[in-house]
Amino acid sequence: MSKSPGFRFDDLAKALMRIGYTQNQSKGGGSHYTFQKRGCMPITIPKHGPLKRTYIELVAEAVRIYMEEAEHD
């Protein structure tokens, strides 16, 4: 996954859901969504854009860990 600043919320959400995360909107109906996966830290991402590099890096790290674990299985 490239760390391009052109990623949108939908791109990051798709990547996280493909590796087993579930998506939940904040209880107040705000613009932030939390992605959770058993045994992993939750990741919260705002739905508005453009997304800051920090969010892209969080998702890239989650994907990297997933890929490493898949190699060991």
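Residues numbered from 1 in each chain as written. Predicted model: local features only at pLDDT ≥ 70, side-chain atom pairs only at ≥ 80, totals over all residues. Heavy atoms only, no water.

> An account of the overall build of the protein is requested, with residue identities and associated values reported.
Within the protein, the secondary structure is distributed over two helices and three strands. Of the regular secondary structure in the protein, the N- to C-terminal order runs α-β-β-β-α. The principal-axis extent of the C-alpha atoms belonging to the protein is close to 40 × 25 × 15 Å. On the protein, roughly 5,200 Å² of surface is accessible, and the fraction owed to carbon and sulfur atoms is 52%. Of the charged side chains in the protein, 11 are positive and 8 negative; the average position of the first set lies 9 Å away from that of the second. (Helix = DSSP H or I, 4+ residues; strand = E, 2+ residues; numbered from the N terminus. Areas by Shrake-Rupley, 256 points an atom, 1.4 Å probe, with all protein chains shown as cover. Lys, Arg positive; Asp, Glu negative; His and termini not counted. Charge placed at Lys NZ, Arg CZ, Asp CG, Glu CD.)

> Explain the layout of surface pockets to me, and be specific about the residues and the numbers.
By volume, the largest pocket is sized at about 200 Å³. Forming the boundary of the largest pocket are Tyr-21, Lys-37, Cys-40, Met-41, Pro-42, Ile-43, Leu-58, Glu-61, Ala-62, Ile-65, Tyr-66 and Glu-69. When residues of the lining of the largest pocket are assigned to their parent elements, the largest contribution, six residues, is made by helix α2 (residues 53-72). Grouping the amino acids of the lining of the largest pocket by side-chain chemistry returns nine nonpolar, no polar and three charged. (1 Å grid on protein atoms, 1.4 Å probe; cavity = no way out; pocket = protein on both sides within 12 Å on 5 of 7 lines; lining within 4 Å. Points joined across faces, edges and corners; volume = space filled by probe spheres on them. Nonpolar A, V, L, I, M, F, W, Y, C, P; charged D, E, K, R; others polar.)

> Account for the packing of aromatic side chains, with residues named and values stated.
Inspection of every chain in the model, using the stated rule, returns two aromatic pairs. Seen from their ring centres, Phe-9 and Tyr-33 are 5.3 Å apart, and the 50 degrees between their planes marks the pair as tilted. Here Phe-9, found in helix α1 (residues 9-18), pairs with Tyr-33, found in strand β2 (residues 32-36); they are 24 residues apart in sequence, far enough to count as distant. Classification of Phe-9 by relative accessible area gives buried; the value is 6%. What makes Tyr-33 buried here is its relative accessible area of 13%. Seen from their ring centres, Phe-9 and Phe-35 are 6.1 Å apart, and the 45 degrees between their planes marks the pair as tilted. Of this pair, Phe-9 sits in helix α1 while Phe-35 sits in strand β2, and the two are 26 residues apart along the sequence. (Phe/Tyr/Trp six-rings, centres within 6.5 Å; stacked < 30°, edge-to-face > 60°. Buried < 20%, exposed > 50% of the residue type's maximum accessible area, 1.4 Å probe, protein only.)

Just geometry here; none of it tells us what the structure is for.
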